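Architecture at a glance
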Amino acid sequence: MVGDRVFGTLTGGFGLLALVLVAVGIYGVVAYATRQRTQEIGIRMALAAGSDTIVRLVLKRGLLLTLASLAIGLALSLALTCYLQNKLFQVASTDALMYVLVSGLLSLAGLAACYLPAWRASRLDPLKALHHE
């Protein structure tokens, strides 16, 4: 009984750490990709693109990356359920509700990680962005 509780606490802690690492990783990739597109964003803003358009542009790219990664992760997790069946208590290894909840949580983490680079990109000065390189 105590061993199960310790295992559950450790698993939850590692899951939270993995969620933070996912968010930091997505933030890093989206921030780098946005920085590489500084001139393009400057041109769009010089041609009267609004800040909401820039935010949507960056969020769309980041969320596509997040959803592609999520699809790969779901496929792998469904393929590897046989290894986890004896570690799950009162939850089936193919419980649809858990997959939906975890996918939603990871999508929200991805959205939050993409929002800061998108907001920063929407605040660029077009003249400075065009003289970036």
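Residues numbered from 1 in each chain as written. Predicted model: local features only at pLDDT ≥ 70, side-chain atom pairs only at ≥ 80, totals over all residues. Heavy atoms only, no water.

**Remarks on the layout of surface pockets**
It is a probe the size of a water molecule, rolled over the atoms, that shows where empty space is left. Empty space within the second largest pocket amounts to approximately 240 Å³. In terms of lining, the second largest pocket is formed by 10 residues, of which the most central are Thr34, Arg35, Thr38, Arg120 and Leu124. Contributing elements (two or more residues each) for the lining of the second largest pocket: α1 (2-36) and α4 (96-122). For the lining of the second largest pocket, the element with the most residues is α1, which contributes 4 residues. When its residues are assigned to classes, the lining of the second largest pocket shows 5 nonpolar, 3 polar and 2 charged. (1 Å grid on protein atoms, 1.4 Å probe; cavity = no way out; pocket = protein on both sides within 12 Å on 5 of 7 lines; lining within 4 Å. Points joined across faces, edges and corners; volume = space filled by probe spheres on them. Helix = DSSP H or I, 4+ residues; strand = E, 2+ residues; numbered from the N terminus. Nonpolar A, V, L, I, M, F, W, Y, C, P; charged D, E, K, R; others polar.)

**Considering the pattern of salt bridges**
Per the stated rule, a full pass over the model turns up 3 salt bridges. In this structure, a network of salt bridges that share partners links the residues Arg37, Glu40 and Arg44. (Salt bridge = Lys/Arg side-chain N within 4 Å of Asp/Glu carboxyl O.)

**Here we look at the side chain of Thr66**
Tracing the sequence through the fold places Thr66 in helix α3 (residues 51-79). For Thr66, the side chain forms a polar contact with the main-chain oxygen of Gly62, separated by 2.9 Å. Among residues more than four places away in sequence, those in contact with Thr66 are Ile26, Leu106, Ser107 and Gly110. (Polar contact = N/O pair within 3.5 Å; in protein donor to acceptor, adjacent residues only side chain to side chain. Contact = heavy atoms within 4.5 Å.)

**Comments concerning α4**
When the terminal C-alpha atoms of α4 are compared, their 38 Å separation across 27 residues agrees well with the 39 Å that a helix rising 1.5 Å per residue should span. The largest bend along α4 measures about 25° and falls at Tyr115, with the proline Pro117 one to four residues further on. Turning to α4, the residues buried within the fold contact α1, α2 (38-46) and α3. (Expected span 1.5 Å × (residues − 1). Bend = angle between axes of the 7 residues up to and from the residue.)

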